[in-house]
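# Structural overview
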Amino acid sequence: MKSLDPRITRLNISAHAGSGSLQTSPEQLATFEVFLQKRDQMPFEHVGIIHAPDEQMALVLAKEQFSRRSTCSGMMVANTRSVVVSPYTDMEEDVYDHMEMESSEVSEENSPQEYFSIFHLTRRGKQHRCAGTISAKNFEDAFKTAKGTLKEDKPVLNVWLIREKDLFKIHQQDTDIWNTLPEKRHRDVTSYRARQKKDSIKTRS
Amino acid sequence: MYGGGNIFDDSNTDALETEDREKLAAFEARIARDEKIEPADWMPSLYRKQLIRMIEQHANSEIIGALPEGTWITRAPGFKRKMALMAKVQDEVGHAQLLYSAAETLGKPREEMINDLIEGKSKYSNIFNYPAYTWADATIISWLVDAGAIVNQINNAKGSYGPYCRALERINAEESFHLKYGHHCVIHLATGSPVQQKMVQEALNRWWGPMMHFFGPPDKISVHTEILMKWKVKMATNDDNRQQFLDMYVPKIWELNLTIPDPALKKNEVTRKWEYSEPDWEEFMRVINGDGPCNKERLAVRRTAEEKGKWVRDALKINAQYVTPLA
Amino acid sequence: MRNEAIKELLYKMADDLLILGHRNSEWTGLGPILEEDIAFSSMAQDKIGQSLAFYQLLQQMGEQEPDITAFMRAAENFHNCQFVELPTGEYDFSLMRHFLFDHADYIRFAKLSGSASIEISQRAKKFTGEIKYHVMHANSWINKLGSGTEESIKRMQMSLEEALPFALGIFEPSPFESILTEEKIFCGEKILQEMWQEDVINVLSKTELKKPDFAKVKPFFGGRSGNHTHHLQPLLNEMSEVFKLDPSAEW
């Protein structure tokens, strides 16, 4: 097939290529929830998902899908399956006041403490934002602890809990991958001013 | 970018008869007070179905939309245009990723959506079935098609489904560069050499018809979508969107001394509405149903890309365990 | 002579980056997975942005302005290695080229960060983060596909063998090697190649791909002195097709 696009012509596609299903395997690639820190000291915020085979690849791909613009000082991912989600509340109720966490986990009394990162949604339609990291025995315990220590001024409508060990981050020494981000002006609106050219039309007519 | 003129089925509200009345009332009340629906909320299956369809069409439009401008990626003139066009087309692919991800939260896996696209079972914006003959065509697309998309996207960002709104917020932020870049290119051509001016005028002549189709058939012949407006799935009528676009961009086109190939196009100062020659809606239906200049090519290219990439995906899928994404 | 040596170094680096960035941009919209399509395109833009920085430095040294240098030269005046002008092939070849070339550039930029030429060292330092990411990305993919399915391993092995002779062409000695090393502008291609071979073997040994025996690979030289494959001129014709409609115009 000859195309107006020389790249397509080079693919040598038959115009009558194929019909029917792609016969892809029924499995889907897993997804990883991606969290981004815009600037040092700011909380990590949820920005979306990446389909990837593992956390290493997820980080590598997330970097370009979610930090192509403005600034970025940190990024982390967690397999969607590692995220424990609280119920969503109604009518601006605080999930900490009105819900109990049901956890399928059973922990021994003497089981070791682990760290959990807690993410809050304070407005439907907006992003989950990291509220802090706490130490607890299991998810249910983590939710109770978060209720005690991480409550906010406004109602928290939904909570995500992720074990620290399930969160994979870009290492501190690798944050230089974002060094030139502010200088990449070709995606910047300010690189496309054309006032003088437009004015040249007015002077002509 | 994407295109408006979503193809909605005549929304058969009979399906609502079987839904739980109380839950439906609570759902509609939430929407009425402008609170977003999140994936874990109860929703009527008609809402879920129509949203998947709409977001899927939008995502399809992005990935197919990468092809007309992609035609000129290897030939962009000069460093500035080369890097900008690469970034712009890359953004379209990025938008497709964001949108398929939003649709996935409703329960349809991405590969199923891509399969449906390739098999012709789901649609994408009609405008991408037209050819980008010259560099100037690519610039007109970058400017006006993106402008049209932004009109839609800004309206849809106020819709009811959380994940779609979040995706649109990200998309709209990236679109501002697209619009500025497209306009910048067209200004340069319109103020350039005689060869450049001719190229851009001819491109505009080719793309004006498809742009008038862009927002879909006029309200008076469109299918009934009242329930979708009530549920804030559809946020504005096709004609409203079209008027908004004309209001914002016709003056900008005229100020470049370009002519629009519709002598009837003018703003009625009394009604404050734009008047224009009625677009050929039969052509629109023909093209959207497969008979446009590039339909076969667009789908063949997408199919080929997927087929050639299958071995890569297969290698990554070893031990893959998928669950529906969260937000 | 020092200036000649520096210009030659800059031209070959800029030409490599421009041609490879151009080739890699051919995948935009056509990649095997959306997320990877996006990442590959970003890296192509990085490469082109880096080439522009070096063409701008060349302009400061008296050469033409970057658009003219990049879009108006004929193939015989380009100094890129033949490796980067080869067609994209299938994704296995493009990934393998990305892996082999970017490891070389990572070391090259690291070495040039200590160059006696301030202008070069400044730019090399600036791009360290970008090339670090490119190598991170390449390593992830080689790891995954080099130990994936039977098909992915077979494809990557074939691409590796096809690419190696051309990859060695990256290190074709320059007529100015001794000046560059004496003046401490650059450590030279020989050291670069040694370090690169070690890095490449390091990554490949963690996969099911066979460790290359570099001594047995005969390099394809010629690109640095303007002897190119039949692929370069058509690439340049395509790249400059619109620009040449009117090279003096503002696009």
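Residues numbered from 1 in each chain as written. Chains lettered and ligands numbered in written order. Predicted model: local features only at pLDDT ≥ 70, side-chain atom pairs only at ≥ 80, totals over all residues. Heavy atoms only, no water.

As a further point, take the overall build of chain A. When helices and strands are counted, chain A shows five helices and eight strands. The long-range share in chain A, meaning contacts at least 24 apart out of those at least 6 apart in sequence, stands at 62%. Of the roughly 10,200 Å² of accessible surface on chain A, a fraction of 47% belongs to carbon and sulfur atoms. (Helix = DSSP H or I, 4+ residues; strand = E, 2+ residues; numbered from the N terminus. Contact = heavy atoms within 4.5 Å. Areas by Shrake-Rupley, 256 points an atom, 1.4 Å probe, with all protein chains shown as cover.)

Our focus in this paragraph is the interface of chain B and chain C. In this assembly, 42 residues from chain B lie in contact with 50 residues from chain C. Here chain B and chain C share an interface that buries about 3,900 Å² over both sides, 70% of which is from carbon and sulfur atoms. Three residues stand out in chain B for area buried against chain C, namely Phe79, Gln90 and Trp311 of chain B, and they jointly supply 22% of the buried area on that side. Linking chain B with chain C are three salt bridges, by the criterion used here. Lys308 of chain B serves as the salt-bridge partner of Glu90 of chain C, at 3.1 Å between the closest nitrogen and oxygen. Between the two partners, chain B and chain C, sit 14 residue pairs in polar contact (both at pLDDT 80 or more). Among the secondary structure elements, those contributing two or more residues to the side of chain B that touches chain C are helix H2 (45–70), helix H3 (79–104), helix H6 (162–190), helix H7 (194–213) and helix H11 (295–316) of chain B. (Buried area = accessible area lost by both parts, 1.4 Å probe. Salt bridge = Lys/Arg side-chain N within 4 Å of Asp/Glu carboxyl O. Polar contact = N/O pair within 3.5 Å; in protein donor to acceptor, adjacent residues only side chain to side chain.)

We now examine the nonpolar core. If you look at the biggest cluster of nonpolar residues, it comprises 214 residues, and the most contacted ones within it are Trp135 of chain B together with Phe83 and Trp196 of chain C. Broken down by element, the residue count for this core peaks at 14 residues, all from H3 of chain B. Setting aside its immediate chain neighbours within four residues, Trp135 of chain B contacts Trp72, Ala76, Pro77, Arg81, Leu85, Tyr181, Cys185, Leu189 and Met199 of chain B together with Val242 and Trp251 of chain C. The next biggest cluster of nonpolar side chains, apart from the first, holds 14 residues, and it includes Ile134, Ala142, Val156 and Leu161 of chain A. (Core = buried A, V, L, I, M, F, W, Y, C linked by side-chain atoms within 4.5 Å. Buried < 20%, exposed > 50% of the residue type's maximum accessible area, 1.4 Å probe, protein only.)

Contacts between the two partners involve 64 residues from chain A, matched on the other side by 74 residues from chain B. Interface of chain A and chain B: buried area, both sides summed, is about 6,200 Å²; carbon and sulfur atoms make up 59% of it. The tally of links from chain A across to chain B stands at eight salt bridges. Here Glu169 of chain B ties to Lys126 of chain A by a salt bridge, and the two come within 3.1 Å at their closest N and O atoms. For the interface between chain A and chain B, the tally reads 25 residue pairs in polar contact (both at pLDDT 80 or more). Breaking the side of chain A that touches chain B down by element, the ones donating at least two residues are helix H1 (6–10), strand E1 (31–37), strand E2 (45–51), helix H2 (55–66) and helix H5 (195–204) of chain A. In terms of residue class, the side of chain A that touches chain B is made up of 26 nonpolar, 21 polar and 17 charged. (Nonpolar A, V, L, I, M, F, W, Y, C, P; charged D, E, K, R; others polar.)

Residue and element names in this part refer to chain A. Judged by how many residues are buried, E2 sits mostly within the fold: six of seven residues are covered. Note that E1 and E2 share six bridges and pair antiparallel. Paired with Phe32 across the two strands is Ile50, which belongs to E2. (Pairing = 2+ DSSP bridges.)

Moving on to the packing of aromatic side chains. All chains considered together, the criterion is met by 30 aromatic pairs over all chains. Between Phe54 of chain C and Phe109 of chain C the ring centres are 6.1 Å apart and the planes differ by 80°, which places this aromatic pair in the edge-to-face class. Placement of the pair is Phe54 of chain C in helix H2 (residues 34–60) and Phe109 of chain C in helix H5 (residues 91–112), with a sequence separation of 55 residues. Centre to centre, the rings of Phe171 of chain C and Trp196 of chain C are 4.9 Å apart; their planes meet at 55°, and the pair counts as tilted. With Phe171 of chain C in the loop between helix H8 (150–168) and helix H9 (177–182) and Trp196 of chain C in helix H10 (residues 189–204), this residue pair connects regions lying 25 residues apart in the sequence. By relative accessible area, Phe171 of chain C is classed as buried at 2%. Classification of Trp196 of chain C as buried rests on a relative accessible area of 0%. One aromatic cluster in this structure is built from Trp143, Phe214, Phe215, Phe245 and Tyr249 of chain B. Over the ring of Tyr133 of chain C we find Lys63 of chain A; its NZ or CZ atom is 4.2 Å from the centre of that ring. A cation over a ring is seen here: Lys80 of chain B above Tyr192 of chain A, with NZ or CZ 5.0 Å from the ring centre. (Phe/Tyr/Trp six-rings, centres within 6.5 Å; stacked < 30°, edge-to-face > 60°. Lys NZ or Arg CZ within 6 Å of the ring centre and 35° of its normal.)

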